[in-house]
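Chain residues, written in single-letter form:
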Amino acid sequence: MDKNKKKLNSRIRRHNRVRAKISGTGVRPRLSVFKSNSSIYLQLIDDRNGKTLVSANVKEVRKKDLNKTEQAAELGKLIAEKAKKEKIDVVVFDKGPYKYHGRVKAVADAARESGLKF
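Residues numbered from 1 in each chain as written. Predicted model: local features only at pLDDT ≥ 70, side-chain atom pairs only at ≥ 80, totals over all residues. Heavy atoms only, no water.

**Looking at the packing of aromatic side chains**
Each aromatic ring pair is characterised by the separation of its centres together with the angle its planes make.
Part 1: Summed over the entire model, instances satisfying the criterion amount to 3 aromatic pairs.
Part 2: Between the aromatic rings of Phe93 and Tyr100, the centroid separation amounts to 6.2 Å while the plane-to-plane angle is 85°, which identifies the pairing as edge-to-face.
Part 3: You can call Phe93 buried: its relative accessible area is 16%.
Part 4: By relative accessible area, which is 34% here, Tyr100 ends up partly exposed. (Phe/Tyr/Trp six-rings, centres within 6.5 Å; stacked < 30°, edge-to-face > 60°. Buried < 20%, exposed > 50% of the residue type's maximum accessible area, 1.4 Å probe, protein only.)

Now the structure itself:
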């Protein structure tokens, strides 16, 4: 097995392990993180009804003078504001297949500081 396949399989296994343990409801939706090389996307998902309640991506907060981690922190604040408008206070954090550091950690910390509880 080559290096890239092994890395992909590890990511898939890690993602399945995380998703087996958590799911979102209407009262406590799942804050899902998707990260690409250039962007980051967040969704508040009600898994019971299969609906996305709130979504945000880094393109909404893109600023020239911020690096990717700072943009992720701004995105965390934005998703918390949108959640408050929808009267959502408590969420389940789904980091997906990503390790909890860097941009993923910045999103979580900023969302917590802005009032979301998880």
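Now that the structure is up, let's keep going.
**Describing the side chain of Ser32**
Part 1: In this structure, Ser32 sits in strand β1 (residues 30–35).
Part 2: Residue classification places Ser32 among the buried residues on the basis of a relative accessible area of 15%.
Part 3: Discounting chain neighbours no more than four positions away, the residues touching Ser32 are Tyr41, Leu42, Gln43, Ile45 and Asp94. (Helix = DSSP H or I, 4+ residues; strand = E, 2+ residues; numbered from the N terminus. Contact = heavy atoms within 4.5 Å.)

**Describing the side chain of Thr25**
Part 1: Here Thr25 lies in the loop between α1 (3–21) and β1.
Part 2: Once residues within four sequence positions are removed from consideration, Thr25 is found in contact with Ile45, Asp46 and Arg48.

**Here we look at the pattern of salt bridges**
Part 1: A complete count under the given rule lists 7 salt bridges for this structure.
Part 2: The closest approach of N and O atoms between Arg30 and Asp94, which form a salt bridge, is 2.7 Å. Of this pair, Arg30 sits in strand β1 while Asp94 is found in strand β4 (residues 92–94), placing the two residues 64 residues apart along the sequence. In this pair, the class of Arg30 matches that of Asp94, namely buried.
Part 3: Among the charged side chains, a network of salt bridges with common partners joins Arg19, Arg30, Asp47 and Asp94. (Salt bridge = Lys/Arg side-chain N within 4 Å of Asp/Glu carboxyl O.)

Just distances and angles here, no functional claims.
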